[in-house]
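Descriptive analysis of the structure
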Amino acid sequence: MNATSYETLVSLGHQDESGNGNLWVRLAFADGVLALIQVEEAPVGDHPPRHALPNRYADVEQALTDWHGRIDNRYDWTTHAGFPKVGTAFQRSVWSALCRMPWGESVGYGELAQRVGRPGAARAVGQAVGANPWAPLIPCHRVLAANHGLGGYAQGTRIKSRLLGIEGITYR
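What counts and how
Residues numbered from 1 in each chain as written. Predicted model: local features only at pLDDT ≥ 70, side-chain atom pairs only at ≥ 80, totals over all residues. Heavy atoms only, no water. Buried < 20%, exposed > 50% of the residue type's maximum accessible area, 1.4 Å probe, protein only. Helix = DSSP H or I, 4+ residues; strand = E, 2+ residues; numbered from the N terminus. Contact = heavy atoms within 4.5 Å. Core = buried A, V, L, I, M, F, W, Y, C linked by side-chain atoms within 4.5 Å.

1. Here we look at helix α2 (residues 89-99)
Every α-helix carries 3.6 residues per turn, so stepping three or four residues along brings you back to the same face. Along α2, 8 of the 11 residues are buried, which leaves the element largely enclosed by surrounding structure. For α2, the elements touching its buried residues are α3 (109-115), α4 (122-130) and β5 (143-144).

What follows is the structure, given as C-alpha cells:
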C-alpha cells in the first residue's frame, strides 16, 4: 500500500440494546480519494493503523462520528468535492435521491425508481443502491423490499438491521 492508498477506521459510536458493540466504518483511500466507506460490526481482519483524514474529508469524518445522533442529514454527498468519480448518471441520481431522504424515513425500490423518474426500474435501482460507495452517508440501508421486508445490503442484513434500528425504522 503506498502513501496515498490506505484504510482507516472510524467508530459510529453506537452500541445497540443487546450489547452487540459499536458499529465501525472502514474508509478506504485509493490514490488520495475516499473510494469506499463500509460499515462493519467489528473491524474485519487486522486493524489498520489510524490515519488522520485529509483536510478535505474532515466533514466526512465528523458526519460519521456524529451519524447516530443526527436528526436530519440531507446533504447530497454525491456533490462533495472528494466524492469518487464513479457511477453512471442513473446511479448518481439514485444516490442523490437517497441523500434527500430525512432521517428515520424508508422507501421501497419501486417508489425510489419513481422518485428518480424511472418507474418500473426497481431492479436497476436495486443495483444502483448496491453500488453505493459511501454508506451510511448515502443511506442505502433505508431502502426496503416491496413487502416492507429487510431486503439485501452490501455489508449484510445484520448491519442493515442495526442501522435501521438506530433510526427507528421498522421492517418485516
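On we go.
2. Focus on the side chain of Glu40
Note on placement: Glu40 falls in strand β3 (residues 33-40). With relative accessibility at 4%, the residue Glu40 sits in the buried group. What Glu40 contacts, discounting residues up to four positions off in sequence, is Leu9, Asn22, Leu23, Trp24, Arg26 and Ile159.

3. Here we look at unusual backbone geometry
Residue Pro136 is bonded to the preceding Ala135 through a cis peptide linkage, with omega at 10 degrees. Note on placement: Pro136 falls in the loop between α4 and β5. The residue Asp31 is not glycine, and still its phi comes out positive at about 55 degrees. With respect to the helices and strands, the residue Asp31 is situated in the loop between β2 (22-30) and β3. Taking relative accessible area as the criterion, Asp31 reaches 61% and is therefore assigned exposed.

4. Quick look at the nonpolar core
By size, the foremost hydrophobic cluster in this structure holds 45 residues, and its most contacted members are Val60 and Trp134. If you list the elements that add at least two residues to this core, you get β1 (6-15), β2, β3, α1 (58-65), α2, α3, α4 and α5 (157-167). For this core, the element with the highest residue contribution is α2, accounting for 6 residues.

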